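Results of the structural survey
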Amino acid sequence: MLDQSGSPTAEALHAPVLRWYDANARVLPWREPDAGAWAVMVSEFMLQQTPVSRVLPAYEAWLERWPKPVDLAVEPPGEAVRAWDRLGYPRRALRLHAAAQAIVERHGGDVPDDHAALLALPGVGTYTAAAIASFAFGQRHAVVDTNVRRVLARALTGVAQPTISPTAADQRLAVSALPADEPTAARWAVASMELGALVCTARTPRCGDCPIRSRCAWVLAGSPPYDGPPRRGQTYEGTDRQARGRLLAVLRAASGAVPKKTLDASWPDATQRDRALDGLVADGLVEPLGRNRYRLPS
DNA sequence: CACGCGTGGTC
DNA sequence: TGACCAAGCGT
């Protein structure tokens, strides 16, 4: 069963993947029927590059403290940065705070259900806009994250890994694989993503547990190894990122302003430390207070 | 489009 | 044990 491009038809994948999802989906708080769009949005921000297991506690605390966008919007941005804890990439906290304010100003305090309006919010890109519209509002969108790119690369294109960075071709493939009717498309979006997260994983896919292994183009081709360009490994030790992390950790732990002398103790190299601190200030993650004191932004 | 951006877990 | 990986975004 091949289409004009020579790929297996996506349509054959829908039923088995949806059935698999019904039986195997993880129970996650943002998937509860009464979770609401704000909960979905908070989870999506936190899940951008951070694993579910580390998101869960921060997510619970966040929604407990700020159950609606307006609750966060009235807080100083530094509180969002502090509550972000060690999820990483703390600029996401700042963007979520700014998005909450935009929701209050532009949408009366309710997360918008319109894709374009979502996309216009700070920190909401192609993926997150589609995810919120699909997961929270049941709309039909191609929700293309790294999991979905990998599932489609294997099942339809027949290669071990998707391209290193997302391409227009990925997006087109995902759109073409979308079920026609809205509710089914919305279920397919979560289900295909969950399959990528639990079974069709990057390193050691559990093909024995896969509901579409008999139709997977990659498996049918004999599971050929990845032959693309080497992925750019992310080093961390000794980078500015690590220095920024150290500095911000000190500021998060403090209740108010911190003397520069205290920050100095958190990173040995003065040049790199100052560059990192300047970067944090430029990003709005840190606020200088007078000459020699710093704090989280008010 | 390639890069910078945190943090921790896994094999 | 050090890569590699994890529901991306903005520039």
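Residues numbered from 1 in each chain as written. Chains lettered and ligands numbered in written order. Predicted model: local features only at pLDDT ≥ 70, side-chain atom pairs only at ≥ 80, totals over all residues. Heavy atoms only, no water.

**Re the packing of aromatic side chains**
- A full pass over the atoms with the stated rule returns 3 aromatic pairs.
- For the ring pair W62 and W66, a centre distance of 4.7 Å and an interplane angle of 75° mean the geometry is edge-to-face. No difference in accessibility class separates W62 from W66, as the two residues are buried.
- Ring pairing ties together the aromatic residues W62, W66 and W84, which thus form one cluster.
- Sitting over the face of the ring of W218, R154 holds its NZ or CZ atom 5.0 Å from the ring centroid.
- A cation over a ring is seen here: R231 above Y226, with NZ or CZ 4.9 Å from the ring centre. (Phe/Tyr/Trp six-rings, centres within 6.5 Å; stacked < 30°, edge-to-face > 60°. Buried < 20%, exposed > 50% of the residue type's maximum accessible area, 1.4 Å probe, protein only. Lys NZ or Arg CZ within 6 Å of the ring centre and 35° of its normal.)

**Quick notes on the UniProt feature "domain: HhH-GPD" (unreviewed entry) in chain A**
- Those places that UniProt annotates as "domain: HhH-GPD" (unreviewed entry) correspond, in this numbering, to residues 46-198.
- Between the first and last C-alpha atoms of residues 46-198 the distance is 19 Å; the span itself is 64% helix and 0% strand. (UniProt positions renumbered as here; feature names shortened; annotations may be inferred. Helix = DSSP H or I, 4+ residues; strand = E, 2+ residues; numbered from the N terminus.)

**Remarks on the domain arrangement of chain A**
- Domains assigned within chain A are domain 1 (37-135), domain 2 (142-220) and domain 3 (240-295).
- If you average the C-alpha positions of domain 1 and of domain 3, the two centres end up 25 Å apart.
- Taken together, the contacts link 8 residues of domain 1 with 10 residues of domain 3.
- Summed over both sides, the interface of domain 1 with domain 3 buries roughly 760 Å², with 54% coming from carbon and sulfur.
- Among the residues of domain 1 in contact with domain 3, R82, R91 and L94 are the three that bury the most area, contributing 51% of the side total.
- Counting across the interface, domain 1 meets domain 3 through 1 salt bridge. (Domains from an automatic or database assignment. Contact = heavy atoms within 4.5 Å. Buried area = accessible area lost by both parts, 1.4 Å probe. Salt bridge = Lys/Arg side-chain N within 4 Å of Asp/Glu carboxyl O.)

**Structural notes on the protein's contact with DNA strand C**
- Around DNA strand C there are 27 residues in total, and L47, G123, T128, N147 and Q234 lie nearest to it.
- G123 is positioned with one of its backbone polar atoms (N or O) 2.7 Å from a phosphate oxygen of DNA strand C.
- The backbone of G125 places a nitrogen or oxygen atom 2.8 Å from a phosphate oxygen of DNA strand C.
- Only α2 (37-47), α8 (126-135) and α9 (146-157) provide two or more residues apiece to the surface near DNA strand C.
- Broken down by class, the residue content of the surface near DNA strand C amounts to 10 nonpolar, 10 polar and 7 charged. (Near = heavy atom within 4 Å. Polar contact = N/O pair within 3.5 Å; in protein donor to acceptor, adjacent residues only side chain to side chain. Nonpolar A, V, L, I, M, F, W, Y, C, P; charged D, E, K, R; others polar.)

**Section: α9**
- Of all the 12 residues making up α9, 10 are buried; the element is thus mostly covered by neighbouring parts of the structure.
- Along α9, the residues that are buried comprise N147, V148, R149, R150, V151, L152, A153, R154, A155 and L156.
- On its buried face, α9 sits against α1 (11-24), α10 (168-176), α11 (182-198) and α12 (217-220).
- Following α9 by one or two positions, G158 has its phi on the positive side, about 90°.

**Details of the sheet that holds strand β1 (residues 258-259)**
- Pairing is antiparallel across the open sheet formed by 3 strands, whose spatial order is β1-β3-β2. Each end of this open sheet is capped by a strand with a single partner; those strands are β1 and β2 (287-289).
- Strand direction decides the pairing type here: β1 and strand β3 (residues 293-295), joined by 2 bridges, are antiparallel. From the neighbouring strand, P259 faces β3, where its bridge partner is R293. (Pairing = 2+ DSSP bridges.)

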